[in-house]
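Summary of the model geometry
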Amino acid sequence: MKNTLKTFFALLTIVALSSFTYLGGGHGYHIGDVATDFELENIDGKTVSLSDYKSAKGFIVVFTCNTCPYAVAYEDRIEALNKKYAELGYPVIAVMPNNTEVKPGDSMKAMKARAKAKGFTFPYLMDEDQKIYPQYGATKTPHIYLLQKTNKGNIVKYIGAIDDNYQDASAVTKKYVEDAVDALLSGKEIEEKQTRAIGCSIKV
Amino acid sequence: MKYTWIIGLMLLISCKDATEKEKVAEVKQTEGTEVILEIFDFDGLQKFLRTTDDKTYVVNFWATWCAPCIKELPYFEKLNKEYSDNVEVILVSLDFPSKYETKLKPYIKNKNLQSKVIALNDVDSNSWIPKVDESWTGAIPATVIFNKDKRKFYEKSFNYDELETEVKRFLK
């Protein structure tokens, strides 16, 4: 009887703990965590890792795709981020996290076509095994992780949206990602480290 | 004399304004006979997110372009029909305003949606997402179920059984 009770309470604890973790949104990275590197296939057929970028100061990792209207609305702004910040040491690394069987419009072929049509100058990688985005904790497209390279690894400095107006780039009042990168470049504290935006759930 | 002129001119302008406004309202009304879509910013939406009456409310955030949302929409419709006595489903569309006429309204009409459909147009999602629920990362579909005593938030897709099970927990 005693043993049964013990088992019961042990189980209860496990259930309570696991549900608590769930409620706490404990998935993925928080600000200050070390982000994993990866080796993912780019649209040019080569693989790309963060460690390839010897002189980078950090990375603007963008989980995005072809098929989500929100991601599409931000395509030009993602390209603009790369144009502005790659030479300052913070290149954009775009990762497409969707299951392409569910979303054929996000296939490697479709990714290549879109990158060509839009003239993307950043790598557009496919998270083919869908193992990278869950580690980061990305839940939607677009979803941005700003990383800063340090001796301890690539530290997560900002998580969230690109800016505060997905509908109209000219009506943006807060450029979250730009403000965050500018802060890192000038050695200041990032004011808004986490923001939220509507996006398309990542297709599994 | 000079002033009379100016006043006259001003009157003329304001009269013209008034007639133009009336015309606009008229046009909107005739369009509205097809599908009437109420559009809110988040302040306006807030009244749909709390209640003092005895009903249980199921508020689903969706969009016509969101495949998993479209897939689960029939379950919300079924729930709204089968529990019409004490449950009300509200479908909050996050379609882009430019798609209201071309995508959203035709969808509501073609699918003959019976649940209440409203549109949320508020670009500053960073400020309103946590007000819906602190745990919401912003992915859709997302659903809030609440009555006057309790509420629960779900950032996930539902099948009918799951949805019914969750709603039953709110019914006494």
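Residues numbered from 1 in each chain as written. Chains lettered and ligands numbered in written order. Predicted model: local features only at pLDDT ≥ 70, side-chain atom pairs only at ≥ 80, totals over all residues.

1. Topic: the overall build of chain A
Put simply, the rule reads: Counting from the N terminus, the helices are the DSSP runs of H or I reaching at least four residues and the strands are the DSSP runs of E reaching at least two. Any residue whose C-beta has 12 or fewer other C-beta atoms within 10 Å is treated as exposed, any with 20 or more as buried, and any in between as partly exposed, C-beta atoms being built from the backbone.
Helix and strand content of chain A: five helices and 10 strands. When each of the 204 residues of chain A is scored for burial, the buried share is 38%.

2. Details of the interface of chain B and chain A
Where we set the bar: Here contacts are defined at the residue level, using C-beta atoms placed from the backbone and a cut-off of 7 Å between them. Each pair of strands is called paired provided DSSP finds at least two bridges between the two strands.
If you look at the interface, chain B gives 16 residues, while chain A gives 17 residues. Both strand S10 (residues 199–201) of chain A and strand S5 (residues 139–140) of chain B contribute to a ladder of two bridges, which runs parallel. Bridge pairing in S5 of chain B links Gly199 of chain A to Ala139 of chain B.

3. Here's the deal with helix H4 (residues 100–110) of chain B
Residue and element names in this part refer to chain B. Quick note on the threshold: Note that the arc is computed from the directions linking the helix axis to the C-beta atoms.
Within H4, the full set of buried residues consists of Leu104, Lys105 and Ile108. Summarising the axial view, the buried residues of H4 lie within an arc of 85°, below the 170-degree limit, and thus occupy one face. For H4, the exposed residues set more than 90 degrees away from the buried face come down to Thr102, Lys109 and Asn110. Buried residues in H4 make contact with strand S3 (87–93) and strand S4 (116–120). One or two residues past the end of H4 sits Asn112, with phi positive at roughly 50°.

4. Focus on the confidence of the model for chain A
What counts is decided by this rule: The quantity known as pLDDT measures the predictor's confidence residue by residue, on a range of 0 to 100.
Looking at chain A as a whole, its pLDDT mean stands at 90, while 87% of the residues score no less than 70. Under a pLDDT of 50 for its full length, residues 12–25 of chain A has, in the predicted model, three contacts with residues more than four places off or in other chains.

5. Examining helix H5 (residues 176–185) of chain A
Residues and elements named next belong to chain A. Considered for burial, the residues of H5 that qualify are Tyr176, Val177, Ala180, Val181 and Leu184. One side of H5 holds all its buried residues, which, seen down the axis, span an arc of 125°. Buried-residue contacts for H5 involve strand S4 (58–63), helix H2 (69–85), strand S8 (143–150) and strand S9 (153–160). At the C-terminal side of H5, Gly187 shows a positive phi close to 70°.

6. Looking at the packing of helix H3 (residues 67–82) of chain B against helix H6 (residues 160–168) of chain B
Residues and elements named next belong to chain B. Condition: Lines fitted to the C-alpha atoms define the axes, with helices restricted to the stretch that makes contact. Angles between their N-to-C directions range from 0 to 180 degrees. Here is the rule for angles: anything less than 35 degrees is roughly parallel, anything more than 145 is roughly antiparallel, 65 through 115 is roughly perpendicular, and the remaining ranges are oblique. The handedness criterion is simple: a crossing whose near helix is rotated anticlockwise from the far helix by less than a right angle is left-handed, and one whose near helix is rotated clockwise is right-handed. Throughout, the ten residues Ala, Val, Leu, Ile, Met, Phe, Trp, Tyr, Cys and Pro are labelled nonpolar, Asp, Glu, Lys and Arg are labelled charged, and all others, Gly among them, are labelled polar.
With their axes 9 Å apart at the nearest point, H3 and H6 run at an angle of 40° to one another. By the angle between their directions, the pair H3 and H6 is classed as oblique. Crossing of H3 over H6 shows right-handed handedness. On H6, the residues touching Tyr75, Lys78 and Leu79 of H3 are Tyr160, Leu163, Glu164 and Val167. Taken together, the residues of the contact of H3 with H6 sort by class into five nonpolar, no polar and two charged.

7. Considering the sheet that holds S4 of chain B
Residue and element names in this part refer to chain B. Spatially, six strands are ordered S1-S4-S3-S2-S6-S7 in an open sheet, and the strand pairing comes out mixed. Both outer strands of the open sheet, strand S1 (38–40) and strand S7 (151–154), are each paired with one neighbouring strand and no more. When the angles between neighbouring strand axes are averaged without regard to direction, this sheet yields 25°. Pairing of S3 with S4 involves four bridges; the strand directions are parallel.

8. Here we look at the sheet that holds strand S1 (residues 34–35) of chain A
All names here are of chain A. If you trace the eight strands from one edge of the open sheet to the other, you get S1-S9-S8-S4-S5-S6-S2-S3, paired in mixed fashion. Because the sheet does not close on itself, it has two edges, and the strands there are S1 and strand S3 (47–48). Two elements, S1 and S9, share two bridges in a ladder whose sense is antiparallel. Following the sheet pairing, Ala35 is matched in S9 by Asn154.

9. Some remarks on the pairing of strand S5 (residues 92–96) of chain A
Residue and element names in this part refer to chain A. Put simply, the test is: Whether a crossover is right-handed depends on one test, that the path from the first strand over the helix to the second runs clockwise when the strands point away from the viewer.
For S5, the tally of buried residues reaches five of five residues, placing the bulk of the element in the interior. The two faces of S5 match: Val92, Ala94 and Met96 on one face and Ile93 and Val95 on the other face are all buried. Across four bridges, the pairing between S4 and S5 is parallel. Paired with Val61 across the strands is Ile93, a residue of S5. Pairing analysis gives three bridges linking S5 to strand S6 (residues 124–126), with the strands arranged parallel. Residue pairing across strands places Met96 opposite Met126, the latter belonging to S6. In the classification by handedness, the crossover that spans S5, the intervening helix H3 (residues 108–118) and the parallel S6 is right-handed.

10. Here we look at the environment of Ser170 of chain A
Residue and element names in this part refer to chain A. On the secondary structure map, Ser170 appears in the loop between S9 and H5. Of the residues examined, Ser170 has 5 C-beta atoms within 10 Å and is grouped as exposed. Residues Ser170 and Gly58, spaced 112 residues apart in sequence, show a C-alpha to C-alpha distance of 27 Å.

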